[in-house]
Amino acid sequence: MSRADVLGEPVGESARTPSPLWSLGLFRSELLTTFRRWRTLALLAVLAAVPILVGIAVKIETSDGSSPGGGGGGGGGAGPAFISQVSNNGLFLVFTALAATLPFFLPMAIGVVAGDAIAGESSAGTLRYLLVAPAGRSRLLLTKYATVIAFCLAATLVVAVSALAVGALLFPVGDLITISGTRITYAEGLGRALLIALVVAASLVGIAALGLFVSTLTGSGIAAMATTVGLLITVQILDQIPQLDALQPYFFSHYWLSFADVMREPVYWDDLVKNLGLQALYAAVFGSAAWARFTTKDITA
């Protein structure tokens, strides 16, 4: 069965005006293609393994009754603030795992998928075939970006669900203490964990748009993936240099760990809103750049 059959692609004169159902078929096909790749499954497996390793490490370290991280308290960032509470409540493993994967593992996985979105089709020789279909370049690009966003959500939920299961298996669960020192119920904690996962997923839309733009610049999927991951590492390094503090609030990664503010009472929204606004700006700028590039470039493969 051809890819056109999977998409339900119309033929003849009707192929000039694709229906919304055809667009949904294109999106469904892209989702299936992305999540069936061994590379994608391997990335998700690595992300699922991180909470397991962190949970086991904390369990071993606290087996003698000591606190993880040498008794580190609430200061020093989201990671130390959460990991010091994991042995008391397994739900904190969700927050710890997200804090551990967000600086590199999650965005690296997104960079790989986004960088391969267009360039991978070009290097495989399937891009010209896709453009013969009635979607047009703009609709195809939008579908590719929507697929990458879906992967952002899926990757984040894989980390969160894995951490939730490992935390419940290795540590006690129940009411928990927020960063502010107030007590909330386990059900409310689960709600905040879901909100944090959604915030983390939304924090990745900027790197997703950047990766998609890079993917339109080259016909090599490997080059696009390597460039996107390289830009990620470069920005992360620049965000740690004190002399660049005037520029750092504009780096897409600067407010990533602001999700920790969801665990305050009341929730501190300022940095969260700045983060979401910055991601929207990156999505608009690099999404527009990707559209401008993709709709005008010569497709030779």
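This text goes with the structure placed above it.
Summarised in this report is the structure supplied together with it. All values reported here derive from a predicted model rather than from experimental measurement.

### A look at the overall build of the protein chain
Thinking step 1. Counting its secondary structure elements, the protein chain contains 12 helices and two strands.
Thinking step 2. Listed by position from the N terminus, the elements making up the protein chain come as α-α-α-α-α-α-α-α-β-β-α-α-α-α.
Thinking step 3. Within the span of the protein chain, comprising 301 residues, buried residues form 45% of the whole.
Thinking step 4. Residue pairs at least 24 apart in sequence account for 75% of intrachain contacts in the protein chain once pairs closer than 6 positions are excluded.
Thinking step 5. Taken as a whole, the protein chain presents about 13700 Å² of accessible surface, with 67% of it coming from carbon and sulfur.

### Remarks on the nonpolar core
Thinking step 1. Within the largest apolar cluster, 74 residues are counted, with the highest numbers of intra-cluster contacts made by Phe95 and Phe259.
Thinking step 2. Here this core gets 11 residues from one element, more than from any other, and that element is helix H8 (residues 136-170).
Thinking step 3. When near neighbours in sequence (up to four residues on either side) are disregarded, phenylalanine 259 contacts Phe82, Phe95, Leu98, Ala99, Leu102, Ile196, Val199, Val200 and Leu272.

### Considering the packing of aromatic side chains
Thinking step 1. Under the defined criterion, the tally for this structure stands at 10 aromatic pairs.
Thinking step 2. When the ring of phenylalanine 104 is compared with that of phenylalanine 105, the centres are 5.8 Å apart and the planes differ by 70°; the resulting orientation is edge-to-face.
Thinking step 3. With centroids separated by 5.6 Å and ring planes inclined at 85°, the aromatic side chains of phenylalanine 252 and tyrosine 282 adopt a geometry described as edge-to-face. Of this pair, phenylalanine 252 sits in the loop between helix H11 (221-238) and helix H12 (270-294) while tyrosine 282 sits in helix H12; the two residues are 30 residues apart in sequence, bridging distant segments of the chain.
Thinking step 4. Here the aromatic residues Phe213, Phe252, Trp256, Tyr282 and Phe286 are joined through ring pairs into a cluster of three or more.

### Some thoughts on helix H10 (residues 205-217)
Thinking step 1. For H10, built from 13 residues, the straight-helix expectation of 18 Å at 1.5 Å per residue is met to within 8% by its first-to-last C-alpha distance of 19 Å.
Thinking step 2. Among the residues of H10, those classed as buried are Val205, Gly206, Ile207, Ala208, Ala209, Leu210, Gly211, Leu212, Phe213, Val214, Ser215 and Thr216.
Thinking step 3. Packing partners of the buried residues in H10 comprise helix H6 (105-124), H8, helix H9 (186-202), H11 and H12.

### Some words on the packing of helix H3 (residues 38-61) against helix H5 (residues 92-101)
Thinking step 1. Interhelical geometry of H3 versus H5 gives an angle of 120° and a closest axis separation of 10 Å. What the angle tells us is that H3 and H5 run oblique. Judged by the twist between their axes, the crossing of H3 over H5 is right-handed. Across from Val50, Pro51, Val54 and Gly55 in H3, the residues of H5 making contact are Leu93, Thr96, Ala97 and Thr101.

### Considering empty space enclosed by the protein
Thinking step 1. Applying the stated rule across the entire model yields one cavity of 30 Å³ or more.
Thinking step 2. In this structure, the largest cavity occupies an estimated 120 Å³ of space.
Thinking step 3. Counting residues per element, the ones that place at least two in the lining of the largest cavity are helix H2 (20-36), H3, H6 and H8.
Thinking step 4. With four residues, H6 is the single largest residue contributor to the lining of the largest cavity.

What counts, and where the lines are drawn
Per chain, residue numbering runs from 1 following the sequence as it is written. Owing to the predicted nature of the model, reporting of local features is limited to residues with pLDDT of at least 70; listing and counting of side-chain atom pairs is limited to 80 or more, with chain, interface and lining totals taken over all residues. Excluded from the side-chain calculations are hydrogens and water; all other atoms, namely the structure's heavy atoms, are used. Working definition: helices are DSSP H or I runs of at least four residues, strands are E runs of at least two. Numbering for both runs from the N terminus. Each residue gets one of three labels from its accessible area relative to the maximum for its type: buried under 20%, exposed over 50%, partly exposed in between, using a 1.4 Å probe on protein chains only. Whether two residues touch is decided by their heavy atoms; if any such pair falls within 4.5 Å, the residues are in contact. Per-residue accessibility takes into account occlusion by the displayed protein chains alone, with areas from the Shrake-Rupley method and a 1.4 Å probe. What is meant by a nonpolar core is a set of buried Ala, Val, Leu, Ile, Met, Phe, Trp, Tyr and Cys residues, joined one to another through side-chain atoms within 4.5 Å. The rule is short: rings of Phe, Tyr and Trp, with Trp giving its six-membered ring, pair when the centres are within 6.5 Å, and they are stacked under 30 degrees, edge-to-face over 60, tilted in between. Residue count minus one, scaled by 1.5 Å, sets the expected span of a helix. Helix axes are fitted to C-alpha atoms over the stretch in contact, other axes to C-alpha atoms as well, and angles between N-to-C directions run from 0 to 180 degrees. Oblique is the label for every angle not falling under 35 degrees (roughly parallel), over 145 degrees (roughly antiparallel), or within 65 to 115 degrees (roughly perpendicular). In this scheme the crossing of two helices becomes right-handed for a clockwise turn of the near helix relative to the far one and left-handed for an anticlockwise turn of less than a right angle. Cavity: a set of points on a 1 Å grid over the protein atoms alone where a 1.4 Å probe fits but cannot get out. Pocket: an open set with protein on both sides within 12 Å along at least five of seven lines, its lining residues, like those of a cavity, having an atom within 4 Å of a point. Grid points are joined across faces, edges and corners, and a volume is the space filled by probe spheres set on the points.

Distances and angles like these do not, on their own, reveal function.
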